[in-house]
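Listed below are the residues making up each chain.
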Amino acid sequence: MDTKPSPGEPFSALISSMKPGQKMIEKLLQVDKSFDQLEYYYDEFGFRVVEEDGAEPKSNKLLGVPLHVDPHHKLQWEAHLEFTLNSSVEDFCWDNMKTSLPRSAKLNQLVAQGIPHHIRPQVWMRLCGAVEKKHASKVTYDEIIRASECVNTASCLEIEKDLLRTMPSNACFSSPDSPGIDKLRRILRGLTWFYPDNGYCQGTGMIAGHLLLFMEEEDAFWMLCSIIEDLLPSSYYRYNLCGVHADQRVLRQLLAQFAPHVDKLLSEHDIELSLISLHWFITLFAGVLHIKVLLRVWDLFFLQGSVVLFKVCIGMLLLKVSCVNKQHVLIKKG
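Rules used in this analysis
Within any chain, residue numbers begin from 1 and follow the written order of that chain's sequence. The predicted origin of the model limits local features to residues at a pLDDT of at least 70 and limits the giving and counting of side-chain atom pairs to 80 or more, whereas totals for whole chains, interfaces and linings rest on all residues. With hydrogens and water set aside, each side-chain value is computed from the structure's full complement of heavy atoms. Here a helix means four or more residues in a row that DSSP labels H or I, a strand means two or more in a row labelled E, and each is numbered from the N terminus. Three exposure classes are used, based on accessible area relative to the maximum for each residue type with a 1.4 Å probe and protein chains only: buried under 20%, partly exposed in between, and exposed over 50%. Surface accessibility follows the Shrake-Rupley procedure with a 1.4 Å probe radius. Residue values consider only the protein chains on display as shielding. A patch is a set of surface residues, each over 30% in relative accessible area and not in a salt bridge, joined within 9 Å for like charges and within 5 Å for the nonpolar side chains Val, Leu, Ile, Met, Phe, Trp and Tyr. Criterion for a salt bridge: a side-chain nitrogen of Lys or Arg within 4 Å of a carboxyl oxygen of Asp or Glu. Aromatic rings from Phe, Tyr and Trp, with only the six-membered ring used for Trp, were paired whenever their centres fell within 6.5 Å, and each pair was classed as stacked if the ring planes differed by under 30 degrees, edge-to-face if by over 60, and tilted otherwise. Note on definitions: angles span 0 to 180 degrees between N-to-C directions of axes, and those axes are lines fitted to C-alpha atoms, for helices only across the stretch in contact. For classification purposes, angles smaller than 35 degrees are called roughly parallel, those larger than 145 roughly antiparallel, those between 65 and 115 roughly perpendicular, and all remaining angles oblique. For this analysis, residues touch if any pair of their heavy atoms sits within 4.5 Å. Following the grouping adopted for this structure description, the nonpolar residues are Ala, Val, Leu, Ile, Met, Phe, Trp, Tyr, Cys and Pro, the charged ones are Asp, Glu, Lys and Arg, and the polar ones are all others, Gly among them.

Now for the overall build of the protein. A tally of helices and strands in the protein yields 15 helices and two strands. For the protein, buried positions account for 47% of its 334 residues. Total accessible area on the protein stands at roughly 18,100 Å², and carbon and sulfur atoms take up 55% of it.

What follows is the structure, given as structure tokens:
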């Protein structure tokens, strides 16, 4: 009889279809000589964590607390969803829910507090319009996949090269027989067929990989379609990345306006910010932020759109500049 995993247990936060089987888990837990015999474990999201790099067990910070659902917060969300989405008086069921979440002050408040992890996939899809996009599409996901399998382009070759390099530290993508590899391949090939003017961009692989940890393959595909078409400016993932390059210029202007001391520091040291931040934007911070922080950022991103990327980026820069200034003060005192 299967028992429900406790919060914090390895792989406990993954969708069931992505959890490695027992044989694969045993293989994963074998000592890896490439890590010089360092002890490591797999966290609730399937990421390999070296013991000395893990969060302190008694830490009250986000990274040190197992992912769990607060009962009161869960009830607040379910009440709000039933009130705004349920089209009948039946029990709480996603099949009875409308396809989009109406914006409201209450919704903003709930999202700011975090979306309960067990309903994140369905809420994300309704926040960004992925459910509506899925239903409105003239072609089904299965048809997209079948069509993309018949195409063999330079983009397909690049995808194959990147599959094992996208999230190598995650058990779901670390080897050719990992449960996420075939799904990631189908999604990325499907995207190149669905958006022929875009081709393949590595950033979409990082986003797709992280989405697959929490939602089914087809849902992750339509989420990416919403990201490409609705949440980000056009041409973000074109060959020349002109959309994301334009956002880098906007970012620098915002820094000059709202954080002039940061902008001045970058100029004094002749630092080209886009060399750092372009990767942050194009991956939506996937692989940049710790997964627990990323989830909270994505909660807001799927509600508010690309403005969140600017807010998070500027916030990160302010935090780093503050740390640098403190270090300079300590050095001078020493």
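Let us keep going from here.
Judged by side-chain polarity, I271, L275 and I276 come together as a nonpolar surface patch covering roughly 300 Å² of accessible area. By the element assignment, I271 lies in the loop between α12 (260–268) and α13 (274–282).

Inspection of the entire model under this criterion finds 14 aromatic pairs. Taking 5.1 Å as the distance between ring centres and 55 degrees as the angle between the ring planes, the aromatic pair formed by W124 and F302 counts as tilted. With W124 in helix α4 (residues 120–128) and F302 in helix α14 (residues 291–304), this residue pair connects regions lying 178 residues apart in the sequence. Of the two residues, W124 and F302, neither departs from the other in class, the shared state being buried. An aromatic cluster is defined as three or more aromatic residues linked by ring pairs; in this entry it consists of Y141, F194, Y195, F221 and W222.

A complete count under the given rule lists 12 salt bridges for this structure. Here K133 and D230 are joined by a salt bridge, their closest N and O atoms 3.1 Å apart. Taken together, the residues K133 in helix α5 (residues 130–136) and D230 in helix α10 (residues 217–231) connect sequence positions 97 residues apart. Given a relative accessible area of 17%, K133 falls into the buried group. For the salt bridge of R165 with D162, the shortest nitrogen-to-oxygen distance reads 2.5 Å. With R165 and D162 both in helix α7 (residues 154–166) and three residues apart, the pair spans about one turn of that helix. The class of D162 is buried, set by a relative accessible area of 5%.

Another point: the packing of helix α3 (residues 105–112) against α14. Running from N to C, α3 and α14 cross one another at 160 degrees; their axes reach a closest spacing of 9 Å. When the axes of α3 and α14 are compared, the pair comes out roughly antiparallel. Facing L107, N108, V111 and A112 of α3, the residues of α14 in contact are R296, D299, L300 and L303. When its residues are assigned to classes, the contact of α3 with α14 shows five nonpolar, one polar and two charged.

A few words now on the side chain of Q248. Within the secondary structure, Q248 sits in helix α11 (residues 242–258). Classification of Q248 by relative accessible area gives buried; the value is 7%. Sequence-distant contacts of Q248, defined by excluding residues within four places in its chain, comprise S274, S277, L278 and F281.

Just geometry here; none of it tells us what the structure is for.
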